[in-house]
Amino acid sequence: MKIQKIFDSDLKKSLYLSLFCFICFIWLGAQVLNQGLDEFDNKFIDELPEVLPKNFIYLARFFYFLGNAEVSGTVVLVTLIICAWKRKWLEAKVVAISSLGVLLLIDLIIKPFFFRRRPLGRLVDVDGRSFPSGHATGNILLYFLLAYIISVQFPKLRIYLYLFTTFLLLMMGISSVYLRVHWVTDILAGYCLGYILFTISLIFLKISDPKYIARSARE
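This one's a predicted model, so the numbers in the text were calculated from it and none came from an experiment.

Within the chain, the secondary structure is distributed over ten helices and zero strands. Relative to its length of 219 residues, the chain is compact, with a C-alpha radius of gyration of 18 Å against a globular reference of 17 Å. Here the chain holds 219 residues, and the buried ones make up 46% of them. The contacts in the chain between residues at least 6 apart in sequence include a share of 79% that link residues at least 24 apart. As displayed, the chain offers around 12300 Å² of accessible surface, 69% of which is attributable to carbon and sulfur atoms.

In structure tokens form, the structure reads like this:
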């Protein structure tokens, strides 16, 4: 398989965006270590409830629930069952390895390195360290990956899948900050890291199965 075929227009766009995300993640990490954005984080988390409706807390709890590990784990399990039923072994392997890999990367390496405390006054019961958001990282990887896999099978749904996925991820992130589970910089860093990991998964899919090049080229 020629290398130029693997790096089609879709993948090139993802790589450019991943480079931007990598730069942003490094910058955010440096700011967190130096406490350079603490004032911004505190101001954002305090003022967010003032610009949103008072009953937003119900939506926040709902979208935060959708983003938690139990729901994501269920989505992964259902995806693996469907992939096994359809004999989509490559897709099952990529989803499983990506989901497990992001947990190990965040919980065992990155969070212990930064060791950042969560905001005080949390509106839901949660513990652990804060930077980057594991939920933001894992969910953007999982749901963008699923959106891509489904869109290759059903190209006409592509724009709707990505719009819905983007809306869902944004609401999860806003809800986490609203409920004082994460600082906004935790969420932004999680989005950046998740998209980088999504691009790596995309490369693996294209290298492993030519259909992802042929079909994405026709979209």
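Now that the structure has been shown, the text picks up again.
Here a disulfide denotes a covalent bond joining the sulfur atom of one cysteine to the sulfur atom of another. The tally for this structure, following the rule as stated, stands at zero disulfides. Note on Cys192: no disulfide assigned, nearest cysteine sulfur contributed by Cys21 at a separation of 4.4 Å.

Next up on the list: unusual backbone geometry. That bond from Phe131 to Pro132 is cis: its omega, -10°, falls within 30 degrees of zero. Here Pro132 shows up in the loop between helix H6 (89-114) and helix H7 (134-153). Unlike most non-glycine residues, Arg180 shows phi in positive territory, near 60°. Residue position: Arg180 is located in the loop between helix H8 (158-178) and helix H9 (184-208).

Mapped onto the elements of the fold, Asp46 is located in helix H3 (residues 38-51). A residue is classified by how much of its surface remains accessible, and Asp46, at 43% relative accessible area, is partly exposed. With 131 residues separating them along the chain, Asp46 and Val177 place their C-alpha atoms 9.5 Å apart. In this structure the side chain of Asp46 is engaged in a polar contact, spanning 3.3 Å, whose partner is the side chain of Arg180.

Quick look at the confidence of the model for the chain now. For the chain, the average pLDDT comes to 88, and 91% of its residues sit at 70 or higher. Looking at the elements of the chain, mean pLDDT is at its lowest for helix H1 (residues 3-6), recorded as 49, and at its highest for H8, recorded as 94.

Attention now moves to the side chain of Arg116. Summarising the element assignment, Arg116 is placed in the loop between H6 and H7. Among the residues examined, Arg116 registers a relative accessible area of 9% and is labelled buried. Of the polar contacts made by the side chain of Arg116, one reaches the side chain of Thr185; its length is 2.9 Å. Setting aside residues up to four positions removed in sequence, Arg116 forms contacts with Val32, Asp38, Asp41, Arg129, Ser130, Phe131, Trp183, Thr185 and Asp186.

Relative to the helices and strands, His182 is located in the loop between H8 and H9. A distance of 3.3 Å separates polar atoms of two side chains, one belonging to His182 and the other to Asp186. Beyond its immediate sequence surroundings of up to four residues, His182 is in contact with Ile45, Lys111, Arg118, Pro119, Ser130, Ser133, Ser176, Val177 and Ile187.

Now for H8. Structural remark: α-helix, 3.6 residues per turn; residues separated by three or four positions point the same way. Over its 21 residues, H8 extends 30 Å from the first C-alpha to the last, a length consistent with the 30 Å expected when each residue adds 1.5 Å. Within H8, burial applies to Tyr162, Thr165, Leu168, Leu169, Met171, Met172, Gly173, Ser175, Ser176, Val177 and Tyr178. Looking at the buried positions of H8, the neighbouring elements they touch are H3, helix H4 (56-66), H7 and H9. Backbone geometry just downstream of H8 places Arg180 in the positive-phi region, at approximately 60°.

On to the packing of aromatic side chains. Inspection of the entire model under this criterion finds eleven aromatic pairs. Taking the centre distance of 6.0 Å and the plane angle of 50° together, the rings of Phe40 and Phe44 count as tilted. Taken together, the residues Phe40 and Phe44, both in helix H3 and four residues apart, mark about one turn of the helix. By relative accessible area, Phe40 is classed as partly exposed at 41%.

What counts, and at which threshold
- Residues numbered from 1 in each chain as written.
- Predicted model: local features only at pLDDT ≥ 70, side-chain atom pairs only at ≥ 80, totals over all residues.
- Heavy atoms only, no water.
- Helix = DSSP H or I, 4+ residues; strand = E, 2+ residues; numbered from the N terminus.
- Rg over C-alpha atoms; globule rule 2.2 N^0.38 Å.
- Buried < 20%, exposed > 50% of the residue type's maximum accessible area, 1.4 Å probe, protein only.
- Contact = heavy atoms within 4.5 Å.
- Areas by Shrake-Rupley, 256 points an atom, 1.4 Å probe, with all protein chains shown as cover.
- Disulfide = S-S within 2.5 Å.
- Polar contact = N/O pair within 3.5 Å; in protein donor to acceptor, adjacent residues only side chain to side chain.
- pLDDT = per-residue confidence, 0-100.
- Expected span 1.5 Å × (residues − 1).
- Phe/Tyr/Trp six-rings, centres within 6.5 Å; stacked < 30°, edge-to-face > 60°.

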